[in-house]
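Descriptive analysis of the structure
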Amino acid sequence: MTVFHRNETKQPLPEHLRGGVIAIGNFDGVHRGHQAVLQRALDIAKSRGIPALVLTFEPHPRTIFRPDTPVFRLTPAPLKARILEGMGFSAVIEYPFDRTFSEMSAHDFIGAVLLEWLHASEVVTGFDFHFGKGREGGPAFLMAAGPDNGFGVTLVDAFRDENASVISSSVIRSLLGEGAVSEAAGLLGYRYTVEAEVIDGKKLGRTLGYPTANMALPPEVELRNGIYAVRFRRPDGSLHDGVASYGRRPTVTSNGAPLLETFLFDFSGDLYGEISAVSFFGHLRDELKFDGLDALVVQMKRDEEEARALLSGVRPLGDIDQRLCF
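Residues numbered from 1 in each chain as written. Predicted model: local features only at pLDDT ≥ 70, side-chain atom pairs only at ≥ 80, totals over all residues. Heavy atoms only, no water.

A few points about the sheet that holds strand E7 (residues 193–197)
The six strands are arranged E7-E12-E9-E10-E11-E8 in an open sheet whose pairing can be described as antiparallel. A single partner strand is all that each edge strand has here, and the edge strands are E7 and strand E8 (213–216). Between one strand and the next, the sheet's axes are offset by a mean angle of 35 degrees, whatever the strand orientation. Where E8 lies against strand E11 (residues 259–264), four bridges are found, and the strand directions are antiparallel. (Pairing = 2+ DSSP bridges. Helix = DSSP H or I, 4+ residues; strand = E, 2+ residues; numbered from the N terminus. Axes fitted to C-alpha atoms, helices over the stretch in contact; angles between N-to-C directions.)

Rendered as structure tokens:
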């Protein structure tokens, strides 16, 4: 079994990973559309007995071109790498994206990155992938460049869902902004998941009998505020069902970072400092303002019952969901 290789700093590629099949794209969300491209790369690599790698770009290009409007990342780099490893890739190459790289011509990209560094034998990408300065390198450019430089090119058509709609990261972001986590899961092929360190909180929940594991999420996360049925995964892989409150409560958060507060069912223990994951299975309700703590506790009991019922019948949506949430 090959050890998974995550290359974040343009290190020389290990010899055993050269000459492989390279899937190229941002793949934010690794949704079902992306999975069609990625699976094609895996299938080709398996049939030829060579490694399958993913070439992606960090940070997201929009972060460089429009730094004032940071993009809501569905899968930040560490989570994306773990999903790709689980799918069967040997490596993920996170090419450092900066202004200098954005000025590289499509011709130079092929020479410096695909040939000299990765020694690509096959390149697999979506039909709409563009690269190089001014996006000059499109599908036709790539198809012509392949035979000239000794590598094959496979373009994968747009993947459509059951309603014949093209699946995109932006559609999934919009669904999450509406709190439609089950609809988003249908497009992702797995439940939307966040990862963060469990931090110290105000401990109000503890006094009410509902101690929570608190996580500060990046400010650009656009998940709808509210109460969710969730599954919580600790670093040791253990899973706990729970109910989570998500919101930007300025009275309890610093610097505007949204706070995710998860109450784990049937659990007592110290989680502080652990990098844990929370997967969203259902939106129960929006945040409400209560007249006193008694009314709040009554509602929290109701939320717990509803979340337990929802989570008792869930099934994996596919392999990625099985690995993340079950």
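As for helix H1 (residues 32–48)
With 17 residues, H1 should cover 24 Å at 1.5 Å per step; its first-to-last C-alpha distance of 24 Å lies within 8% of that length. The complete set of buried residues in H1 reads Arg-32, Gly-33, His-34, Gln-35, Val-37, Leu-38, Ala-41, Leu-42, Ile-44 and Ala-45. Of the residues flanking the end of H1, it is Gly-49, one or two places downstream, whose phi is positive at about 70 degrees. (Expected span 1.5 Å × (residues − 1). Buried < 20%, exposed > 50% of the residue type's maximum accessible area, 1.4 Å probe, protein only.)

A word on the packing of aromatic side chains
Tallying each qualifying case throughout the model produces 15 aromatic pairs. Pairing Tyr-95 with Trp-117 gives two aromatic rings, centres 5.7 Å apart and planes at 70 degrees, and the pair type is edge-to-face. With a gap of 22 residues between them, Tyr-95 in strand E4 (residues 91–96) and Trp-117 in helix H5 (residues 106–117) connect regions that are remote in the sequence. A relative accessible area of 8% means that Tyr-95 is categorised as buried. An aromatic cluster of at least three residues, connected via ring pairs, comprises Phe-57, Phe-65, Tyr-95, Phe-97, Phe-101, Phe-109, Trp-117, Phe-129, Phe-131 and Phe-141. Positioned above the aromatic ring of Phe-326, the side-chain terminus of Arg-231 is 4.9 Å from the ring centre. Here Arg-308 stacks its cationic end above the ring of Phe-265, 4.3 Å away from the centre of that ring. (Phe/Tyr/Trp six-rings, centres within 6.5 Å; stacked < 30°, edge-to-face > 60°. Lys NZ or Arg CZ within 6 Å of the ring centre and 35° of its normal.)

Description of the side chain of His-31
Along the chain, the position of His-31 falls in the loop between strand E2 (21–24) and H1. When neighbours within four sequence positions are excluded, His-31 is seen to be in contact with Ile-167, Ser-168, Ser-169, Ile-172, Leu-187 and Leu-188. (Contact = heavy atoms within 4.5 Å.)

Some thoughts on the sheet that holds E4
Here we have six strands laid out as an open sheet, ordered E1-E4-E3-E2-E5-E6, and parallel in their pairing. In this open sheet, the two edge strands, each paired with only one partner strand, are strand E1 (5–7) and strand E6 (152–156). Averaged over all pairs of adjacent strands, the angle between strand axes in this sheet comes to 20 degrees, irrespective of strand direction. Looking at chain direction, strand E3 (residues 52–58) and E4 are connected through six bridges and run parallel. Following the sheet pairing, Thr-56 is matched in E4 by Glu-94. In the packing of H5 onto the sheet, contacts are made with E1, E2, E3, E4 and strand E5 (122–126), and the angle to E3 comes to roughly 140 degrees.

What to know about H5
When we look at burial in H5, the residues that qualify are Ala-106, Phe-109, Ile-110, Gly-111, Val-113, Leu-114 and Trp-117. One or two steps after H5, the chain reaches His-119, where phi turns positive at roughly 55 degrees.

A closer look at the pattern of salt bridges
Should their charged atoms come close, side chains of opposite charge can pair. With the rule as written, the count across this model stands at 16 salt bridges. The partner of Glu-58 in a salt bridge is Arg-73, and the shortest N-O contact between them spans 2.7 Å. Within this pair, whereas Glu-58 is found in strand E3, its partner Arg-73 is found in the loop between helix H2 (61–65) and helix H3 (77–87), the two being separated by 15 residues in sequence. Summarising the burial analysis for this pair, Glu-58 and Arg-73 share the class buried. Across the pair Arg-308 and Asp-266 runs a salt bridge, and its minimum N-O distance is 3.1 Å. Of this pair, Arg-308 sits in helix H10 (residues 293–312) while Asp-266 sits in the loop between E11 and strand E12 (275–285), and the two are 42 residues apart along the sequence. Each of the salt bridges in this network shares a partner with another, and the network as a whole consists of Asp-28, Glu-58, Arg-73, Lys-80 and Arg-173. (Salt bridge = Lys/Arg side-chain N within 4 Å of Asp/Glu carboxyl O.)

Brief notes about the pairing of strand E9 (residues 226–233)
Successive residues of a regular strand alternate their side chains across the two faces of the sheet. E9 sits mainly inside the fold: eight of its eight residues count as buried. One ladder, built from eight bridges, connects E9 with strand E10 (residues 239–247); its direction is antiparallel. Across the sheet, residue Val-230 finds its bridge partner in E10, namely Gly-242. Hairpin geometry of E9 and E10 is characterised by an intervening segment of five residues between the two adjacent antiparallel strands and by a positive phi of about 95 degrees at Gly-237. In the sheet, E9 pairs with E12 via seven bridges, with the strands oriented antiparallel. Among the inter-strand pairings, Ile-227 is bridged to a residue of E12, identified as Arg-285.

Quick look at the nonpolar core
In terms of nonpolar packing, the biggest core is built from 70 residues, with Leu-38, Phe-89, Leu-176, Tyr-192, Leu-260 and Phe-280 touching the most fellow members. Sorting elements by how many residues they give to this core places H1 first, with six residues. Leave out the neighbours within four places in its chain, and Leu-176 touches Phe-72, Leu-74, Val-181, Ala-184, Tyr-192, Glu-222, Leu-223 and Arg-224. By size, the runner-up hydrophobic cluster in this structure holds 28 residues, among which are Ile-24, Leu-53, Phe-109 and Ala-120. (Core = buried A, V, L, I, M, F, W, Y, C linked by side-chain atoms within 4.5 Å.)

Geometry only, nothing functional implied.
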